[in-house]
Amino acid sequence: MADIARPKPRKGFRISRGLLPYLLSLPALLACIGILVPFFTAVAYSLQRYRLSQPWARRWNWGENYLNFLSDSSFWNTLKVSLTYAFLTVGVELLLGLGIALLLQKRSRFNNFVSIMLLMPLMTAPALASLMWKLMTNPGFGILSYFASLIGLEDFRWASSPQTAMLTVVLVDVWVYTPFIMILLLAGLRSLPQQPFEAAALDGVPRLFVFWRITLPMLTPFLLTATLFRVIESIQQFDIIYAMTQGGPGDRLTVFQVEAYLNFFQSTNVGRSAALLMILWAITYFLSNVFIKNWLKLREKQRGDI
Amino acid sequence: MYDKEKKLVDAYLRGTVSRRSMIKGLGAMGMTAATASVLVNASATRALAQNGFDWKKHSGQTVKLLLNKHPYADALIANLDNFKELTGMEVEYDVFPEDVYFDKVTAALSSGSSEYDAFMTGAYMTWTYGPAGWIDDLNEYIMDPAKTNPDYNWEDVLEGVRKSCAWNGRPGGALGSEDAKQWCIPLAYEQNNLTYNKNVFERAGLSVPTNIDELVETAAAAKAAMNGGYGIGVRGSRSWATIHPGFLSGYANFGQKDLNVSDDGLLSAAMNTDVSKDYHAKWVKMIQDSGAPDWSTHTWYQVGTDVGAGKSAMMFDADILGYFMNGGTAEAGNLAFAPFAANPDAAAPTPNIWIWAMSMSSFSKNKDATWYFMQWVTGPEHDLFGAREMDLVNPARSSVWADEMFRDKLAASYPGYVEMHDVSAPGASIKFTAQPLFFDLTTEWAATLQKMVAREVPVDEGLDQLAASVDAQLKDAGLG
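Residues numbered from 1 in each chain as written. Chains lettered and ligands numbered in written order. Predicted model: local features only at pLDDT ≥ 70, side-chain atom pairs only at ≥ 80, totals over all residues.

(A) Just the overall build of chain A, in detail. In terms of helices and strands, chain A carries 13 helices and 2 strands. Computed over C-alpha atoms, the radius of gyration of chain A comes to 26 Å, more than 25% over the 19 Å expected from 2.2 N^0.38 for 306 residues, which places it beyond the range of a compact globule. For chain A, the C-alpha atoms occupy an extent of roughly 90 × 70 × 35 Å along the three principal directions. Per-residue burial for chain A yields a buried fraction of 32% across its 306 residues. Considering only contacts in chain A between residues 6 or more positions apart, those separated by 24 or more positions represent 70%. (Helix = DSSP H or I, 4+ residues; strand = E, 2+ residues; numbered from the N terminus. Rg over C-alpha atoms; globule rule 2.2 N^0.38 Å. Buried ≥ 20, exposed ≤ 12 C-beta atoms within 10 Å, placed from the backbone. Contact = placed C-beta atoms within 7 Å.)

(B) Main features of the packing of helix H8 (residues 165-191) of chain A against helix H10 (residues 207-235) of chain A. Residues and elements named next belong to chain A. The contact between H8 and H10 brings their axes to 9 Å, and the two run at 155°. Overall, the two elements H8 and H10 adopt an arrangement that is roughly antiparallel. Pair H8 / H10 crosses with right-handed handedness. Side by side, H8 and H10 meet where Asp-173, Tyr-177, Ile-181, Leu-184, Leu-185, Gly-188 and Leu-189 of the first sit next to Leu-219, Phe-222, Thr-225, Ala-226, Arg-230 and Ser-234 of the second. A breakdown of the residues in the contact of H8 with H10 according to their chemical character gives 8 nonpolar, 3 polar and 2 charged. (Axes fitted to C-alpha atoms, helices over the stretch in contact; angles between N-to-C directions. Parallel < 35°, antiparallel > 145°, perpendicular 65-115°, else oblique. Left-handed = near helix turned anticlockwise from the far one by under 90°. Nonpolar A, V, L, I, M, F, W, Y, C, P; charged D, E, K, R; others polar.)

(C) Structural context of the interface of chain A and chain B. Contacts between the two partners involve 27 residues from chain A, matched on the other side by 28 residues from chain B. With 3 residues, the single largest contributor to the side of chain A that touches chain B is helix H12 (residues 256-266) of chain A. For the side of chain A that touches chain B, a count of residues per class yields 9 nonpolar, 14 polar and 4 charged.

(D) Just the domain arrangement of chain B, in detail. Residue and element names in this part refer to chain B. Domain annotation for chain B reports domain 1 (54-188 + 356-427) and domain 2 (191-352 + 429-476). Measuring from the centre of the C-alpha atoms in domain 1 to the corresponding centre in domain 2 gives 27 Å. Facing the 27 residues of domain 1 at the interface are 25 residues of domain 2. Among the elements that make up the side of domain 1 that touches domain 2, the one with the highest residue count is helix H20 (residues 417-424) (5 residues). (Domains from an automatic or database assignment.)

(E) Main features of the confidence of the model for chain A. Confidence in the prediction for chain A averages 91 pLDDT; 95% of positions are at 70 or higher. Confidence scores differ between elements of chain A, with helix H1 (residues 2-5) of chain A showing the lowest mean pLDDT of 52 and helix H4 (residues 73-103) of chain A the highest of 97. (pLDDT = per-residue confidence, 0-100.)

(F) Looking closely at the nonpolar core. One finds Val-169 and Leu-185 of chain A together with Ala-118, Ile-355, Ala-357, Met-358 and Phe-373 of chain B to be the most contacted residues of the largest nonpolar core, which totals 189 residues. For this core, the leading source of residues is H8 of chain A, giving 12 residues. Residue contributions to this core reach at least three from each of two domains, namely domain 1 (54-188 + 356-427) and domain 2 (191-352 + 429-476) of chain B. When residues no more than four places from it in sequence are discounted, the contact partners of Val-169 of chain A are Ala-159, Ile-240, Ile-241, Met-244 and Leu-253 of chain A. (Core = buried A, V, L, I, M, F, W, Y, C linked by C-beta atoms within 7 Å.)

(G) Structural view of the environment of Gly-169 of chain B. All names here are of chain B. Here Gly-169 lies in the loop between strand S4 (166-167) and strand S5 (181-182). Exposure remark for Gly-169: the 17 C-beta atoms within 10 Å place this residue in the partly exposed category. Taking the C-alpha atoms as reference points, Gly-169 and Gly-304, separated by 135 residues in sequence, lie 34 Å from one another. Residue contacts for Gly-169: discarding those within four places in its chain leaves Gly-130, Pro-131 and Lys-181.

(H) View of the packing of helix H13 (residues 274-290) of chain B against helix H22 (residues 459-476) of chain B. Residue and element names in this part refer to chain B. Interaxial distance between H13 and H22 falls to 9 Å at its minimum, and their mutual angle equals 120°. Looking at the two axes, H13 sits oblique to H22. The way H13 lies across H22 gives a crossing that is right-handed. Touching Ser-276, Lys-277, His-280, Ala-281 and Val-284 of H13 are Val-459, Asp-460 and Leu-463, all from H22. Broken down by class, the residue content of the contact of H13 with H22 amounts to 4 nonpolar, 2 polar and 2 charged.

(I) Seen up close, the confidence of the model for chain B. Averaged over chain B, the pLDDT score is 92; the fraction of residues at 70 or greater is 92%. Scored as a complex, the prediction yields pTM 0.88 and ipTM 0.82.

(J) Quick peek at unusual backbone geometry. The step from Gly-248 of chain A to Pro-249 of chain A runs through a cis peptide bond, and the omega angle for that step is -5°. Note the cis peptide between Val-393 of chain B and Asn-394 of chain B, where omega equals -5°. Mapping Asn-394 of chain B onto the fold places it in the loop between helix H17 (380-389) and helix H18 (398-401). Although it is not a glycine, Asp-155 of chain A adopts a positive phi angle of roughly 60°. Although it is not a glycine, Arg-455 of chain B adopts a positive phi angle of roughly 60°. Among the structural elements, Arg-455 of chain B can be located in the loop between helix H21 (438-453) and H22.

This is how it looks when you write it as C-alpha cells:
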C-alpha cells in the first residue's frame, strides 16, 4: 500500500526553479523584440535625411524632419484632415451604434436576427467596401447617384468633389464600422443590472430621464472602450480613403497613413514617411492613455459605488 | 513538325505566304490558329539558334521574373517555351496586378532581395532604382559580343524609346546622353494621342480636332450630342500618372518643360510661364465643361473603359488603351485613332511616352543567365512574335514596325492606328526632366490640377504656388 501511495520521482528533463521564470517569459520577450526592432528602426529612419533615390545624401539630421513639419503646411493639413476624419466617423458611429443598440436591446428572435444581419458590413474588407461605394456613387450608373438625383441633387459628385469628398468617405466608414460599435454597446446594454431600471419603472420615471441618468452612466465604460478602439483605428485610416480618392481631390483627404504611404512607396522619402508615422504613433499613444485612464477611473468609481 | 508544315511556316516567315494562307494551310493539316502561332515562333527560334551564338551556355540554370499583369507579359509567357528550348534554361515568374505591382518591386529591391533576377518596369521608375543601386547598367551586356548574340541589333530599337531608358544619374541630365547608363530595355511603349468614337463624331457632324482649342470645342460639342455621356476622357486621379499621358504630351507640344536646368546643373520649376498658364487654363476648362463628372478619381482604367463603353466621345491618352478598347467592348469596331498636336504652330505631335521595359536586379545571383533571357525577350524575334501573334503594341523595334504583316493586321482592325503611329513616333520620347523627385513633384502637380478644376484656386495662382513649392522641395533636396 505504501508503495502505491508514494509518487515515483519523474525522470527526464528538469528545469531549475531559477530558470523557469525566464523560460516562461521568453515567448513574450520574443514577441516584444519582433515589435520593438521595427519600431526603433522607424525611429532611427525618422531622424535621418533618407531618400532611396538619393542614397548619397543619406545622413543623420536628428530632429530636422520633425522641425520641418512646423513650417510645412501639408503636414498641418494632414493633421487637420486626420483629426476631422476621426472625429466625424467616431461621432456619427457612436450616435448611430447607440441608437441601433437601444432599438435592439430587448432580447427577441427578431432582434437577434437583425443584429446578426447588421454585422455583415463589418465582415466586408474596407477596401472592397470602398470599391462598392465607388460603383454606387458613380455619376453614370451608380444607384446612390440616381437616388441623389431623385431628391434634386443633380450632378452630385460624391468623392470627386472637394466639397463632398470627406462626407463620402465618412459615409463608407460609418457603413463599415457602425456595426462594431452597435454590437459592443448591445452587449453592454444587455449586461447591465436590471434593478435600477425596475425601480425606475415602479416609480414611473420618464424614459428619457432613465436614459440620461441610469442607462448612459452605466454604459459609459462600454462607450469608452468602443470609442478607444474606433478612434485608434480611424486616425490610422488608409484603405477606404486610398481606394476611394488616393487622398484627393487636391489634398482634401491626405490623412497620415495615405501621406506616409505615398512618401515611402511613391517618393521613396523614407525619413519623412517614418517621421509622419512617429507623429501618428504619438497621437495614438496619447489618446489611448487618455481613454484608458478615464476608463480605469470610471471602473474604480463604479466599484466604490457598489 | 512535319516537313510540309515546316515549309509552310518558313514560307510565312520569309513573307512569301500570307498569314491567312498559312493558317488556312495548317488548318487543312489539322492545326488550330493558336498552334500555328507557336509553330511560327518555333521556326524563328530555330533560326536564332543557328546564328553562331552559344545559346546553351547557361543550360540548366533558372531565372525568376517579376511581371506586371499586362498583354506584354502575356506575350512573354506565351513564347517562353521557345526560350527554354533555345537555351535549355528554366524561367519562373510571379505576376501581380498593376495596382500593387510597383509596391512589390520597391519592397523587393529596397530589401536587397535576390528572389527576382529581372522585372518589368517603367522608365520613370529607374530614376529611383538606378541611383539607389538596385539595378544594373545594361550597356556592359549590350556592348559585350561575348554575352550578346550577333542578331540582337540594338540600333533597331526606336531611338526615342531607347534613349528614354538611359540616364546618367545626374539630376536634370539629358536622357540618352553619351555617358548615360542603360537602366532598362524596352519591351514596348505607348504614345499619347486621340482615340475617338467614329459613330458619335459622324452623328454630331464633328471633325477630328487638330489643336487644343479645337479639342476644347469638339469635346463640348460631343458632350452636347451624347445624351448623358461626356465629351473627353483624360486622367484625373491624385497621382503622377495624371500628368504623364495626354496632359504632358500637349504641354510639351508648346515647347514647355517641367523644370529648368541651369548651367551649373541646378533645377527650378518651369511650369508657371505665360504659355504654360494659357495651356493649363484651356485644359482645366475642357475638363470642367466636357470631362467626366468624377474626373478627379479617373485613372487609365476609367478613361479606357468609358470610351469603350460609349460613355465618352473620345480620350486623349495612351494609344494602346484605345487599341484594347476597340475589341471586346460595347464600342468595339467604332473607335478610330488620330495623332494630336496641341499647338497649332507645331509641325507634328510630340507625345510623351510610357515604356514597359525590363531591368536587371543588382541583387541577382545569376546575372549572365538573366541577360540571356533579357536579350531574348527584347530581341527582334520575340518582338515580332508579340506584334504579329499577340497584343504587343506598340513594339519598340523599327524592324517590327516595318513588317507588312503586322501593319496589315493593325490596318484591318484599327483604322488610322498605323498612320497615327508613324506621324507621332518621330517626336515621341519622355518629356520629363529626369531627377529623383519625379514622383513627388508630378503628384503635387496632379493635386494642383484637381484644385484648379474644382475652382479652389485660379489657374495662374495655382501654378505660381506649385512652382514655389517645387522650388522649395528641390532646394531642400539639394537639387535646386
